[in-house]
Amino acid sequence: MSIRFVVPALYCVALMPATVAGQEPVAWGAHLEFSTFSIAAIDPATGESGVAVTTRVPCVGNGVPWVRAGVGAVATQASTRVEYGNQLLDMIAAGMHAQDALAEAVAGDPRAARRQVGVISLDGSRAQHTGDSTSAWAGHRQGPNYVTQGNSLVGPEVVGAVARSFESTEGSGRHLSDRLIEALTAGQAAGGDARKGRLQSAAVVVADPRPGNSRRPDRITANINVCEHPTPVAELRRIWNGISRTLGYRELQLFGGNDVWQLRVMLHALGFYRPEADSIQRNPSRRRTPKTWWMRWTSSGARMACRLHRPDHLVGIVDAATVESLWQVLEAEGKVAEVRAAIRGATLVRR
């Protein structure tokens, strides 16, 4: 792991009038300025590459993240040069090491001192650049399979939290987009942007080269762009949980659904539901599960509540706190990996 921090002098930026094209945020102005923090990463096990980012400027997903299936990912920020996205991805697709590609791109950029860029290729090569005229605090950090960078932050603890979060989920079997959002959440919790009114937009973009995982020719799977929101990182998580139908995205009081099937798998792993079965198969039918399942579920829920030491648990009701407790029990019994493997395909976001 390597780490670098840059603390340049403060500077002022003159605001210039601009003619704004349709659907480009007026707040962008003449020059793109994404003072922000981000993480660009790969998953060697799946071949996925992705970027997650947040800032106080609207529509950050329209400028900072660039990904290409089977190639890698780029985050271009501070005084953002969007051309870096395809330029760097083209270079590493042609076989250049990320460090060589970034060095060549920055050398030809007269505004390099105002830029911050992170790039990672699918072979694991990675590079970062933080110009010495970006913001009051700017820095970057990297480790196996990721680069994280930020400017106008409260301090190094932000990129440190992003890095620790991402490293902690390595090999967990969780989807790359899920891990990226969690890392972004950790950075936000550590203080994030130092400016007042720092909560505005966030985005996550992931590409997956595996056949059948995207209907799009560019192989983009997850692409969530929260253009404007009071708590954009939390909204990013809410959207991802909802579209992936991950258990916990809603309070369960119904008989059926993809998340109900996930609950069955978890209860089965703990011996609460159909312990005689080798596995719990998904039912492709949208029909409601028979009432006998509801009876078994409530019975299992009661036993589960006792086991989780939650006497306040309402039998038959599964909320976010219950789901989190259930994962903790699975972790304690060493069964998280098998459960995540069982439900992984059912929670994959595809486009």
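Being a predicted model, the structure only gives us computed values, none of them experimental.

Draft legend 1. Quick look at the overall build of the protein chain. Helix and strand counts for the protein chain come out as nine helices and twelve strands. Taking all 351 residues of the protein chain together, the buried fraction comes to 55%. In the protein chain, of all internal contacts separated by at least 6 residues, the share reaching a separation of at least 24 is 59%.

Draft legend 2. Structural view of the nonpolar core. Ranked by size, the top nonpolar core spans 27 residues in total, and within it Ile39, Ala41, Phe166, Leu180, Val204 and Leu236 carry the most contacts. When contributions to this core are tallied by element, the ones reaching two or more residues are strand 3 (36–43), helix 3 (157–168), helix 4 (176–189), strand 11 (201–207), strand 12 (220–226) and helix 5 (232–243). Excluding residues that lie within four positions of it along the chain, Phe166 makes contacts with Ile39, Ala41, Ile42, Asn145, Tyr146, Leu176, Arg179, Leu180 and Ala183. In terms of nonpolar packing, the next biggest core, distinct from the first, is built from 22 residues, Trp261, Ile280, Trp327 and Val339 among them.

Draft legend 3. Fine view of the pattern of salt bridges. As enumerated under the stated definition, the model contains eleven salt bridges in all. Of the charged contacts, one joins Arg210 and Asp208 as a salt bridge, the two residues approaching to 2.7 Å between their closest N and O atoms. Glu333 is the partner of Lys335 in a salt bridge, and the nearest nitrogen-oxygen pair spans 3.7 Å. With a relative accessible area of 33%, Glu333 lands in the partly exposed category. Here the residues in one salt-bridge network are Arg174, Asp178, Glu182 and Arg237, joined through shared partners.

Draft legend 4. Representation of unusual backbone geometry within the structure. One non-glycine residue, Ala78, lies in the positive phi region at around 60°. Within the element layout of this structure, Ala78 appears in strand 6 (residues 72–79). Its relative accessible area of 2% is what places Ala78 among the buried residues.

Draft legend 5. Seen up close, the environment of Thr76. For Thr76, the location among the structural elements is in strand 6. For Thr76, a relative accessible area of 1% gives the class buried. On a C-alpha basis, the gap between Thr76 and His129 in space is 9.7 Å, while along the polypeptide they are 53 residues apart. Setting aside its immediate chain neighbours within four residues, Thr76 contacts Gly63, Val64, Trp66, Arg81, Val82, Tyr84, Gln116 and Val117.

Draft legend 6. Representation of the pairing of strand 4 (residues 48–55) within the structure. With eight of its eight residues buried, strand 4 lies for the most part within the structure. With burial as the criterion, each face of strand 4 is covered, one bearing Glu48, Gly50, Ala52 and Thr54 and the other bearing Ser49, Val51, Val53 and Thr55. Following strand 3, the chain reverses through four residues before pairing antiparallel with strand 4; Gly47 in that reversal takes a positive phi of roughly 85°. Where strand 4 and strand 11 come together, seven bridges link them in antiparallel fashion. Counterpart to Val51 in the pairing with strand 11 is Val205.

Draft legend 7. Inspection of the packing of aromatic side chains at higher detail. Tallied over the full model, the rule gives one aromatic pair. The ring of Phe166 has Arg179 sitting right over it, with the charged end atom 3.9 Å from the ring centre.

Draft legend 8. Region of interest: the confidence of the model for the protein chain. For the protein chain, the average pLDDT comes to 82, and 79% of its residues sit at 70 or higher. Within the protein chain, no element has a lower average pLDDT than strand 1 (residues 2–6), which sits at 46, and none a higher one than strand 5 (residues 65–68), at 98. Counting contacts from residues 4–22, a segment whose pLDDT is below 50, to residues more than four positions away or on other chains yields 34 contacts. Confidence drops under pLDDT 50 across residues 284–295; counting only partners more than four residues distant or on other chains, this segment forms twelve contacts.

Draft legend 9. Geometry of helix 5. With twelve residues, helix 5 should reach 16 Å at 1.5 Å per residue; the first-to-last C-alpha distance of 16 Å fits that figure. Every buried residue belonging to helix 5 is among Pro232, Val233, Glu235, Leu236, Arg237, Trp240, Asn241 and Gly242, and all of these are buried. Residues of helix 5 that are buried in the fold lie against strand 4, helix 4, strand 11 and strand 12. Two residues or fewer after helix 5 comes Arg245, characterised by a positive phi angle close to 55°.

Draft legend 10. Spatial organisation of helix 8 (residues 320–332). Taking 1.5 Å of rise per residue, the 13 residues of helix 8 would be expected to cover 18 Å, and the 19 Å separating its terminal C-alpha atoms lies within 8% of that figure. Along helix 8, the residues classified as buried are Thr322, Val323, Ser325, Leu326, Trp327, Val329 and Leu330.

Draft legend 11. Inspection of the packing of helix 1 (residues 83–93) against helix 2 (residues 98–107) at higher detail. Relative to each other, helix 1 and helix 2 sit at 140°, their axes nearing to 9 Å. The orientation of helix 1 with respect to helix 2, classified from their angle, is oblique. Pair helix 1 / helix 2 crosses with right-handed handedness. Together, Tyr84, Gln87, Leu88, Met91 and Ile92 of helix 1 and Ala98, Ala101, Leu102, Glu104, Ala105 and Val106 of helix 2 make up the contact between the two elements.

Draft legend 12. Examining the packing of helix 6 (residues 258–269) against helix 8 more closely. Between helix 6 and helix 8, the least distance of the axes is 10 Å, while the angle of their chain directions is 35°. For the pair helix 6 and helix 8, the crossing hand works out as left-handed. In this structure, helix 6 contributes Leu263, Met266 and Ala269 to the contact, and helix 8 contributes Leu326, Trp327 and Leu330. Here the contact of helix 6 with helix 8 is composed, by residue class, of six nonpolar, no polar and no charged.

Reading the values: the criteria
For every chain, the first residue of the written sequence is number 1, and numbering continues from 1 onward in sequence order. Thresholds applied to this predicted model are a pLDDT of at least 70 for local features of residues and 80 or more for the giving and counting of side-chain atom pairs; totals over whole chains, interfaces and linings are not thresholded and use all residues. Excluded from the side-chain calculation are hydrogens and water; included are all heavy atoms of the structure. Helix and strand assignments come from DSSP, with helices taken as H or I runs of at least 4 residues and strands as E runs of at least 2, each series counted from the N terminus. Exposure categories follow from relative accessible area, calculated using a 1.4 Å probe and restricted to protein chains: below 20% of the type maximum is buried, above 50% is exposed, and the middle band is partly exposed. Throughout, a contact is declared for two residues whenever any of their heavy atoms are within 4.5 Å. What is meant by a nonpolar core is a set of buried Ala, Val, Leu, Ile, Met, Phe, Trp, Tyr and Cys residues, joined one to another through side-chain atoms within 4.5 Å. One speaks of a salt bridge when a side-chain nitrogen belonging to Lys or Arg is within 4 Å of a carboxyl oxygen belonging to Asp or Glu. When DSSP finds two or more bridges between two strands, those strands count as paired. Here the aromatic set is Phe, Tyr and Trp, taking the six-membered ring for Trp, and pairing holds for ring centres within 6.5 Å; pairs whose planes are under 30 degrees apart are stacked, those over 60 apart are edge-to-face, and all others are tilted. Placement of a positive charge over a ring is assigned whenever Lys NZ or Arg CZ falls within 6 Å of the ring centre and within 35 degrees of the normal to the ring plane. As a per-residue quantity, pLDDT reports the predictor's confidence and falls between 0 and 100. To estimate how far a helix should extend, the number of its residues minus one is multiplied by 1.5 Å. A fitted line through C-alpha atoms represents every axis, and for helices the fit uses only the stretch in contact; the resulting angles, taken between N-to-C directions, go from 0 to 180 degrees. An angle counts as roughly parallel when it lies under 35 degrees, as roughly antiparallel when it exceeds 145, as roughly perpendicular when it falls between 65 and 115, and as oblique in every other case. If you view the pair so one helix is near and one far, a crossing is left-handed when the near helix is turned anticlockwise from the far one by less than a right angle, and right-handed when it is turned clockwise. Polar here means any residue other than Ala, Val, Leu, Ile, Met, Phe, Trp, Tyr, Cys and Pro, which are nonpolar, and Asp, Glu, Lys and Arg, which are charged; Gly is therefore polar.

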